[in-house]
Amino acid sequence: MMLPKRLHALGVLGINARNQKYTLRVNERRFYPLVDDKLATKRMCQEAGIPVPRLLAVAEVHAQAKRLLPQLAGEKAFVLKPARGAMGNGILVIDVREGKMMRGSRVVSADDFVYHAAGIISGLYSLAGHADVAMVEEKLVIDARIAHLAVDGVPDLRVIVYRGIPVMAMTRLPTSMSGGRANLHQGALGVGIDLGTGETTHAMFRGESIAKHPDNGHALIGFLIPSFDDVLTTAVSAAARTGLGYVGADVVIDANLGPAILELNARPGLAIQLANRAGLGPRLDAVDEALGEWKKGESNDMSIEARVALGREVARIAQARRAA
């Protein structure tokens, strides 16, 4: 286990440092609803022309839960999720095969589906246990270029955007253990990405380094993420719409839409540092050095392309200093 002094020297952020130095400082509370509510996030992105999964049905009260399935007739795959959930909890990924709803290899009955939706509405998976909204959206189709890296689910890419600048990225790969979900605490893989090249550099599984996918044996290191430039511009464009200064943008490379926003997070986890074997601290400090002292209500007038270029330069310098 790495000593605290060593972690500090590497610029690895803990939860308290992230909150005190960044999220509490640059994330104004009034903007949180735009990312805590996935329906609000979807509307915001659609208004900006940023691709998002298609919304299929919504149930705001229990009486509407039974009306979800009739609205999904003809759909071959869809995702039921809480509008205000977190960490992937409450997400039900459904594939329809031979007229049956399947979650992986398990059949999901209509009653089970409605019961799950009712649990969502009751607040079983919401951030503070408050009443929630059950939403159903299309299941995105994995881009064929990365399909071999996914098992029973859709991989996504998490990009940390600080003051409008992308500073670190990883891809999260579903496994059989994660049940098709891309959340690391549920057993998905975290794979760090070189921000400059889009190449995967290091992978972790359940807190340990790993070189091959545990389910199919595919190599995880040295793989070039397709459309990575577009992934970064999509993440930065969406984060810029929120008014928040520290955002985790989750992007999926869909076969039809290209990079699309799955959701945004005002309190993104810190495991991305383990996936990249690098601390966020030096990159965030470098952004502050480049942009100057943060001021409440500040706006970043840089173009999206210039922001991405600065993020790549910040990452390059941080990597060079770490290697020296």
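Residues numbered from 1 in each chain as written. Predicted model: local features only at pLDDT ≥ 70, side-chain atom pairs only at ≥ 80, totals over all residues. Heavy atoms only, no water.

## Considerations on the overall build of the protein
Here is the rule: Numbering of helices and strands starts at the N terminus; helices are DSSP runs of H or I of at least 4 residues and strands are runs of E of at least 2. Note that the radius of gyration is over C-alpha atoms, with the globule rule given as 2.2 Å times the number of residues to the power 0.38. Throughout, exposure labels follow a simple rule: accessible area from a 1.4 Å probe, protein chains only, divided by the maximum for the residue type, with under 20% read as buried, over 50% as exposed, and the rest as partly exposed. Contact between two residues is taken to exist if any of their heavy atoms lie within 4.5 Å; hydrogens are not considered.
A tally of regular secondary structure across the protein gives 10 helices and 13 strands. Since a compact globule built from 324 residues should have a radius of gyration of about 20 Å, the 19 Å found for the protein is in line with a globular shape. Along the three orthogonal principal directions, the C-alpha set of the protein runs to about 60 × 45 × 35 Å. Relative to its full complement of 324 residues, the protein shows a buried share of 52%. Taking as baseline every contact in the protein between residues at least 6 positions apart, the subset at least 24 positions apart corresponds to 63%.

## Some thoughts on the pairing of strand β12 (residues 246-254)
What counts here: Only when DSSP finds a minimum of two bridges between them are two strands counted as paired.
Where burial is concerned, most of β12 is hidden: 9 out of the 9 residues are buried. Here β12 shows two buried faces, one formed by Tyr246, Gly248, Asp250, Val252 and Asp254 and the other by Val247, Ala249, Val251 and Ile253. Strand direction decides the pairing type here: strand β7 (residues 156-162) and β12, joined by 6 bridges, are antiparallel. Bridging across to β12, Leu157 finds its partner in Val251. Of the strand pairs in this sheet, β12 and strand β13 (residues 258-265) are connected by 7 bridges, and their pairing is antiparallel. From the neighbouring strand, Asp250 faces β13, where its bridge partner is Glu263. In this antiparallel pair of consecutive strands, β12 and β13, the connection spans 3 residues.

## What to know about the pairing of strand β4 (residues 100-103)
As judged from the 3 bridges shared by strand β3 (residues 92-97) and β4, these two strands associate in the antiparallel manner. Paired with Val96 across the strands is Met101, a residue of β4. In sequence, β3 turns back onto β4 through a hairpin of 2 residues, with Glu98 there showing a positive phi of about 50 degrees. Strand direction decides the pairing type here: β4 and strand β5 (residues 106-108), joined by 3 bridges, are antiparallel. In the sheet register, Met101 faces β5, and the bridge partner there is Val108.

## Remarks on the packing of aromatic side chains
As a reminder of what qualifies: The pairing test for Phe, Tyr and Trp rings, Trp by its six-membered ring, is centres within 6.5 Å, and the orientation test on the planes gives stacked under 30 degrees, edge-to-face over 60, and tilted for anything in between. Each ring is checked for a lysine NZ or an arginine CZ that lies within 6 Å of its centre and within 35 degrees of its normal; such an atom marks a charge sitting over the ring.
Inspection of the entire model under this criterion finds 4 aromatic pairs. Ring-pair connections join several aromatic residues into one group, and the members of that group are Tyr22, Tyr162 and Tyr246. The positively charged end of Arg29 is found above the aromatic ring belonging to Tyr32, 4.5 Å away from the centroid.

## Regarding the packing of helix α9 (residues 281-291) against helix α10 (residues 304-323)
Quick reminder of the rule: The axes used here are C-alpha line fits, helices contributing only the stretch in contact, and every angle between their N-to-C directions lies in the interval 0 to 180 degrees. Relative orientations are named as follows: roughly parallel for angles under 35 degrees, roughly antiparallel for angles over 145 degrees, roughly perpendicular for angles from 65 to 115 degrees, and oblique for any other angle. Less than a right angle of anticlockwise turn of the near helix away from the far helix marks a crossing as left-handed, whereas a clockwise turn marks it as right-handed.
Where α9 meets α10, the axes come as close as 9 Å, and the angle between the chain directions of the two elements is 125 degrees. Considered as vectors, α9 and α10 are oriented oblique to each other. Taken as a pair, α9 and α10 cross one another with a handedness that is right-handed. On α10, the residues that touch Pro282, Arg283, Ala286, Val287, Ala290 and Leu291 of α9 are Leu310, Val314, Ala315, Ala318 and Gln319.

## Some words on the nonpolar core
To be explicit about the condition: What makes a nonpolar core is a set of buried Ala, Val, Leu, Ile, Met, Phe, Trp, Tyr and Cys residues whose side-chain atoms join them at distances within 4.5 Å.
Membership of the largest hydrophobic core comes to 40 residues, with the highest contact counts inside it found for Phe228, Ile261 and Leu264. Aside from chain neighbours lying at most four places away, what touches Phe228 is Leu157, Ala169, Ile193, Asp194, Leu195, Gly198 and Arg312. Counting 24 residues, the second-largest nonpolar core is a separate cluster that includes Leu13, Tyr22, Val167 and Val314.

## Some details on the environment of Val231
For Val231, the location among the structural elements is in helix α7 (residues 228-242). Overall, the relative accessible area of 0% leaves Val231 in the buried class. Once residues within four sequence positions are removed from consideration, Val231 is found in contact with Leu157, Val159, Pro226, Val251, Ile253 and Pro259.

## Observations regarding the pattern of salt bridges
Close approach of charged atoms allows side chains with opposite charge to pair. Heads up, the condition is: By definition here, a salt bridge exists when the distance from a side-chain nitrogen of Lys or Arg to a carboxyl oxygen of Asp or Glu is within 4 Å.
Summed over the entire model, instances satisfying the criterion amount to 17 salt bridges. Here Glu28 makes a salt bridge to Arg30, at a shortest N to O gap of 2.8 Å. Here Glu28 falls in the buried class, since its relative accessible area comes to 14%. Across the salt bridge formed by Asp37 and Arg84, the nearest N and O atoms sit 3.6 Å from each other.

## Observations regarding the sheet that holds strand β1 (residues 55-59)
With antiparallel pairing, 6 strands are arranged side by side in an open sheet as β1-β6-β2-β3-β4-β5. Each end of this open sheet is capped by a strand with a single partner; those strands are β1 and β5. In this sheet, neighbouring strand axes are inclined to one another by 30 degrees on average, regardless of whether the strands run parallel or antiparallel. Pairing of β1 with strand β6 (residues 134-138), which is carried by 4 bridges, proceeds in the antiparallel orientation. Looking at β6, one finds that Ala57 is bridged to Val136. Across the sheet, helix α6 (residues 110-121) lies against β1, β2 (77-82), β3, β4, β5 and β6, angled at about 30 degrees from β2, the strand it touches most.

## Digging into helix α4 (residues 38-47)
Let me state the cut-off plainly: Polar contacts, as used here, are pairs of N or O atoms within 3.5 Å; protein pairs need one atom able to donate a hydrogen and one able to accept it. Residues neighboring in sequence count only if both atoms are side-chain atoms.
Counting buried residues in α4 gives 7 out of 10 residues, a clear majority hidden from the surface. Within the sequence span of α4, burial applies to Lys38, Leu39, Ala40, Thr41, Lys42, Met44 and Cys45. Structurally, α4 contributes buried residues whose contacts are with α3 (33-36), β1, β2, β6, α7 and β13. Its side-chain oxygen placed 2.9 Å from the backbone nitrogen of Leu39, Asp37 serves as the N-cap of α4.

## What to know about the sheet that holds β12
Taken together, 7 strands build an open sheet; the order of strands is β11-β10-β9-β8-β7-β12-β13 and the sheet is antiparallel. Looking at the sheet topology across the chains shown, the edges are occupied by β11 (208-209) and β13. On top of the sheet, α9 reaches β7, β8 (165-173) and β12; it is set at about 150 degrees to β8, its chief contact.

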